[in-house]
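Close look at the chain arrangement
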Amino acid sequence: MSEAFSPWNMAHFSTNGSETTVVGHSVGRKDTSLKVTGHAKYTDDEIESDMLHAALLTSPHAHARILSMDRRRALQAPGVRAVLFGTDCPNHTGDPLADRPILAIDTVRYAGEPVAIVIADEFHQAAAALASIDVVYAPLPVVQSPKAAYEPNAPLLHPDVHTYRRNRAEANPIPGTNIATHVPIRKGHPDDVWASCDVIAEVEVSFPQAHHAYMETPAIIAEIDPDGEMHITTSTQSPFTIPSLIHETFDVNPSQVRVHVPFVGGGFGGKSSPYLEPLVVAASKAVGGRKVKLRCEREHAMQTLPCHIGLEAKVRLGAKRDGRFVAVDITYWFDGGAYADRAVIVTRAAVQDCTGPYRIPHVRCDGFCMYTNHPPATAYRGFGHPEETFVIERAVDVLARQLHLDPLEIRRLNAIRTGDSTPTQTLLTGGRVGNVPGCIDHLKKLMEWDGRAVRREGSRIIAKGMCCSWKTSSTPPNASSGAIVRVNEDSTVTLLSGVVEIGQGTKTALAQMVAEVFAMSVDRVHVVLEVDTKEEPEHWKTVASRGTLLAGNAAVRAAIDAVRQLQETAAIVFQCRPSDVRISNGVASCAHEEKAIPIGDFKNGYAFPDGRSVGRMVIGRGSYTIEDVTPLDPETGRGSPGPEWTVAAQGVEIEYRPADCTYRVLRAFSVIDAGKVIHPALALGQVKGAMNMGLSLASREGYVYSGRGVVTNPQFRVYPIHRYGDQPEYHVVFLETPDEHAPWGLRGLGEHGLIGMPAALASALSNALGVDVNEMPMTSELLWRIQTGG
Amino acid sequence: MHPMDFEYVSSPTLSDAVRQYTRFAQLGKRPMYFGGGTEIITLGRLHQVNPDAVIDLKPIPETQVMAVQQGQLVLGGSITLTQITDAPWLGEAFPLLQETVHEIADRTARNKITIAGNICGTIFYREAVLPFLVCDSKVRTYGPKRGKERSIHRVFNREARLEPSEFIVQLVTDETARTAPFVHIKRRKAGRVGYPIVSAAAIRIDDRIRIAFSGVCPFPFRSSAIETILRQRGLTVRQRVDQAIQRIPSHLILDDYEASRAYRTFVLANVLEEILQRLGGA
């Protein structure tokens, strides 16, 4: 689509206008009735009589040699069609670094790693046959932490890392080490200015890996037609990346792979990278292309599938006596687990925004994504940003205390503004960054901040903590989205978009945008909630809070294109100029013509009563490719990682009981610069939901590994998450500083409620204890250990 | 989905249940008695419990009794935890039991879990037994030698000690104990649902505090040695608490994903102190 039809250039329609009738209002969600009536279908709901079922055998060892594997007994078990080992399908897979065999070959590198897959007529037969596969392991030394993995004498987990296929822009492994990627930042003169600092805060931070806790455990169905066409139905956030991954793994044409995604029951990043899809394709191949379903149990989701990344980090933050930040030096050792997956990109995301939303002229940062014998790590809501925020904000708090400055004021003093540059030296021009000082001012009011972080109430301590956060996406420079708008006979319209409905409600927001362009009720806009990669236009991935920017721009452009086509045909009918045709409320009208014609009458061109017809079928099309993104320089990190930054100021108030080291969160606050709120109720739900998730992660979640590296709590009965009733009061305020590249100036919103919660909770607890709390999860046991040294 | 095939039979009478059990066992099958089924479902899917047959005891009328008979509270083994928490009269008849079982699992699970099922469970917390341990309740069982009534302490020591085909029919509790001053405290890693770091049920009869624990060790227990120390005169509360904890072999104190051994010991000390304060032993 040429820029001439860009909405920004259309005289008659602009998404920069503030007068809106649908956008900015809370409308009914498009997925509600299917979900509340139980009619929404998820991948595992697809059951067919000729379908075969697969079950996974996974490694009980975190690191071991496989001495022998024997499937003879399993092959004789009832209903078993095939048993696959790694040597049967020796292809490596993984994006951006193909470091992972589909099934372990010779070595297992984490407990939970797939070792064999059984395909049988019935699921219970496949599951029962697992016990008949004989595998003999010889355990190897286990690498349990990213810092241990960084030690020069650590066991080498991937000695052949230099031979792996990789995307050179996204993964930078260092052969002969356990470093899956190294991402540096060198801005200003970080090594020369420390002497000029009046005070320096040094903090070390750590937390273990954790689970995404999506409600739907993933399921995958694969089938291969006799002509080689592959059909994959899967619970994924990234259907459009699967054809290329299958192409790279199996050497089939990407165009031969069709991916179908029904509803997805939550993702939070955990379904953003296709992990087991290649394995199920291999399973289908093993049974002549028959349809095979693999359903992950919760234990698999927590031990086998990629998780939230773990971290050990150290930070040094230097400032002048008046509180102005001068320099920062940060090292992250991320626990990326046994295979790199998206962890290498999470590492880059943390590095690129490592300073938080503060102006720091001199920055040195080294992000190492380390191989360990833990489960692989991937995207998690916030994508590197809850992690970098936790690190920098702990240092800001310590610095404020050392300088006897108000923690809110030191944040305001250093808040990044238009005209400043980011750690990657991106100049923040125009509306690229939201209003950080504005967020801080609103937070001050919202949490009734008077400079006192702590007050005593009998045997309890009431404490407040705060932080600021920011995030841009880590989108590749060609991340794109397309949309199609069709006009229906009944004068409704249908929007096709490749965004996956993962519970976030993006398609409702897109319908609002289309309705706004058509100047009609959102009830007249239909959306197709399922995604088929051969039917819907491509949408990069349903991740990174990018749905409303990428697909929003595409949908608006498609709607404008459809309106333009309607105007052209109607102009012939009305005998007026196209620009004089008004499309609203489902009809076309013209000032000097009494009759209004329903837009459905123009669906396939317009037919006059005498049989003549004019015009053509209306197909509105629109697309958008991300702008202002450039790769980071491998030496200095200089580059532009994303188009715009959503910023926020967040806080929590807690009640702490020193006697038994217990606490509860009373209130949690978020002030987020949303650019433009498209759907107030959805936006509020996103932010509160994200805050809930962040507080749950910060206060109680995390894998507990045994001494041998096995996750010991891979079930919800022993892995606590926030339950209904555990949540505090939520207070949320939105600011609206527009981003001129986005429809109505909106900014991404899906993750930002979470990002600051761990840091804000750590801040409040540190204030309550009078000792720094720099670890997650912040359980009572942790506080007890910090308070007593126990 | 349950990965294994098994037979299901329901028994209408006490003797039928034992007969069914014996029949399956003679056929070389592994039978299990079935109450709420929560463990059989959740552990079965992990192949940790593999019965060939289950015998449902819920239809047996004796296991459904909930009544006070001559001052004795009789509770059938098939009574669900929800039935206990939702019966208003039990708030007076056995408040400690009501409070204790209300903290087990969540409502959905309590709707299924039976009292005998929890006491005889594989998952070692078995918190429903705590009130019966401190009340010196009687247990009526049925087995190959027909019905028996014994002290809870004969039937339960760390876990239920029953003949293979024997099952709990009823639990019988005296009025004095079940209406005595009581405390139940449960401390978890986080939140209001989940397994205990420490769960303790206590009553006070005259000057003696009786106390039973779950979550401290991989089994519930009541210890007369601990109770003796707790009422020793001439010692501060803290001293009594510390000495009581020393009576628990430290290698038996759990050290796992819920809590480390050291932290669990700290929590136990706090719980004991609070119990002594609230029951007036301080």
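Predicted model only: the values in this text are computed from it and were never measured. (Residues numbered from 1 in each chain as written. Chains lettered and ligands numbered in written order. Predicted model: local features only at pLDDT ≥ 70, side-chain atom pairs only at ≥ 80, totals over all residues.)

In terms of regular secondary structure, chain A is built from 17 helices and 34 strands. Sequence-distant contacts, at least 24 apart, represent 79% of the contacts inside chain A between residues at least 6 apart. (Helix = DSSP H or I, 4+ residues; strand = E, 2+ residues; numbered from the N terminus. Contact = placed C-beta atoms within 7 Å.)

What follows is about the interface of chain B and chain A. With 18 residues of chain B in contact, the opposing surface of chain A contributes 19 residues. Residue classes in the side of chain B that touches chain A are distributed as eleven nonpolar, four polar and three charged. (Nonpolar A, V, L, I, M, F, W, Y, C, P; charged D, E, K, R; others polar.)

Here the focus is the sheet that holds strand β18 (residues 362–370) of chain A. Residues and elements named next belong to chain A. Strand order in this open sheet of five strands is β9-β18-β17-β16-β10, and the pairing throughout is mixed. The sheet is open, and its two borders are formed by β9 (179–187) and β10 (199–207), each paired with just one other strand. On average, each strand axis in the sheet is tilted by 5° relative to the strand beside it, whichever way the strands run. Taken together, the ten bridges between strand β16 (residues 310–319) and strand β17 (residues 325–335) define a ladder with antiparallel strand orientation. (Pairing = 2+ DSSP bridges. Axes fitted to C-alpha atoms, helices over the stretch in contact; angles between N-to-C directions.)

All names here are of chain B. Domains assigned within chain B are domain 1 (7–56), domain 2 (61–175) and domain 3 (182–279). A C-alpha centroid distance of 19 Å is found between domain 1 and domain 2. At the junction of the two partners, domain 1 supplies 14 residues and domain 2 supplies 19 residues. For the side of domain 1 that touches domain 2, the elements supplying multiple residues, two or more each, are α1 (14–26) and α2 (38–44). For the side of domain 1 that touches domain 2, the element with the highest residue contribution is α1, accounting for six residues. Grouping the constituent residues of the side of domain 1 that touches domain 2 by class yields eight nonpolar, five polar and one charged. (Domains from an automatic or database assignment.)

On to the packing of helix α9 (residues 385–402) of chain A against helix α10 (residues 407–414) of chain A, then. Two quantities define a packed helix pair, namely the angle between the axes and the distance from one axis to the other. Residues and elements named next belong to chain A. In contact at an axis separation of 9 Å, α9 and α10 are set at 115° when each is read in the N-to-C sense. As far as their axial angle goes, α10 and α9 are roughly perpendicular. For α9 against α10, the interelement crossing comes out right-handed. Together, V396, D397, L399 and A400 of α9 and P407, I410 and R411 of α10 make up the contact between the two elements. Among the residues forming the contact of α9 with α10, the class breakdown is five nonpolar, no polar and two charged. (Parallel < 35°, antiparallel > 145°, perpendicular 65-115°, else oblique. Left-handed = near helix turned anticlockwise from the far one by under 90°.)

All names here are of chain A. On the basis of which strands lie adjacent, the open sheet formed by three strands has the order β26-β27-β28 and antiparallel pairing. Either end of the sheet is taken by a strand with one partner, and the two such strands are β26 (581–584) and β28 (593–598). The sheet shows a mean angle of 25° between the axes of neighbouring strands, taken without regard to direction. Relative to β28, strand β27 (residues 587–590) is paired through three bridges, and the arrangement is antiparallel. Within β28, the residue paired with C590 across the bridge is E593. Against the sheet, helix α13 (residues 547–574) touches β26, β27 and β28, its axis set at about 130° to β26.

Turning to the packing of helix α14 (residues 680–699) of chain A against helix α16 (residues 757–769) of chain A, a few remarks are in order. All names here are of chain A. For the pair α14 and α16, the least separation of the axes is 8 Å and the interaxial angle reads 55°. Comparing their axes, α16 and α14 come out oblique. Helix-helix and strand crossings are classified by hand; for α14 and α16 the assignment is right-handed. Facing M691, G694, L695, L697, A698 and S699 of α14, the residues of α16 in contact are M757, P758 and L761. Per-class residue counts for the contact of α14 with α16 are seven nonpolar, two polar and no charged.

Turning our attention to the domain arrangement of chain A. Residues and elements named next belong to chain A. Annotation of chain A at the domain level lists domain 1 (3–40 + 478–625), domain 2 (43–140 + 217–264 + 271–303) and domain 3 (307–475 + 629–788). The C-alpha centroid of domain 3 is placed 37 Å from the C-alpha centroid of domain 1. Taken together, the contact between domain 1 and domain 3 spans 23 residues of the former and 21 residues of the latter. For the side of domain 1 that touches domain 3, the secondary structure elements donating two or more residues are α12 (506–518) and α13. Of the residues forming the side of domain 1 that touches domain 3, the biggest block, five residues, is contributed by α13. Of the residues in the side of domain 1 that touches domain 3, the class split is ten nonpolar, twelve polar and one charged.

With that out of the way, let us pick up the pairing of β26(A). All names here are of chain A. Burial of the side chains of β26 is restricted to one face: V581 and I583 are buried, whereas none of R582 and S584 on the reverse face is. Of the pairings in the sheet, the one linking β26 to β27 comprises four bridges and is antiparallel in character. Its bridge partner lying in β27, S584 is registered against V587. Between β26 and the antiparallel strand that follows it, β27, lie two residues; N585 among them carries a positive phi value of about 50°. (Buried ≥ 20, exposed ≤ 12 C-beta atoms within 10 Å, placed from the backbone.)

Next up on the list: the nonpolar core. Residue and element names in this part refer to chain A. Ranked by size, the top nonpolar core spans 327 residues in total, and within it V118, A283 and V514 carry the most contacts. Tallying contributions element by element places α13 first for this core, with 14 residues. Contacts of V514, omitting those with residues within four sequence positions, involve V485, V493, L495, V525, A555 and A559. (Core = buried A, V, L, I, M, F, W, Y, C linked by C-beta atoms within 7 Å.)

Before going further, it helps to examine unusual backbone geometry. Residues and elements named next belong to chain A. With omega at 15°, the peptide bond leading from D95 into P96 counts as cis. Topologically, P96 is positioned in the loop between β4 (92–93) and β5 (100–101). The omega torsion across M776 and P777 is -10°, close enough to zero to call that bond cis. Positionally, P777 belongs in the loop between α16 and α17 (780–788). Notably, A519 is not glycine yet its phi reads approximately 50°, a positive angle. With respect to the secondary-structure elements, A519 resides in the loop between α12 and β24 (525–527). Of note in this structure, A544 is not a glycine but carries a positive phi near 65°. Among the structural elements, A544 can be located in the loop between β25 (531–532) and α13.

A separate point is helix α12 (residues 237–246) of chain B. All names here are of chain B. Listing the buried residues of α12 in full gives R240, V241 and A244. Buried residues of α12 fall within an arc of 100° about the axis and therefore sit on the same side. Turned more than 90 degrees off the buried face of α12, the exposed positions are Q239 and Q246. Of the surrounding elements, those touching the buried residues of α12 are α11 (224–230) and α13 (261–279). (Arc of directions from axis to C-beta.)

This part covers helix α5 (residues 95–102) of chain B. Listing the buried residues of α5(B) in full gives B:L96, B:L97, B:Q98, B:T100 and B:V101. Check the buried side of α5(B) and you find it contacts α3 (81–86), α4 (90–93), α8 (129–134), α10 (175–178), β11 (182–187) and β12 (198–205) of chain B.

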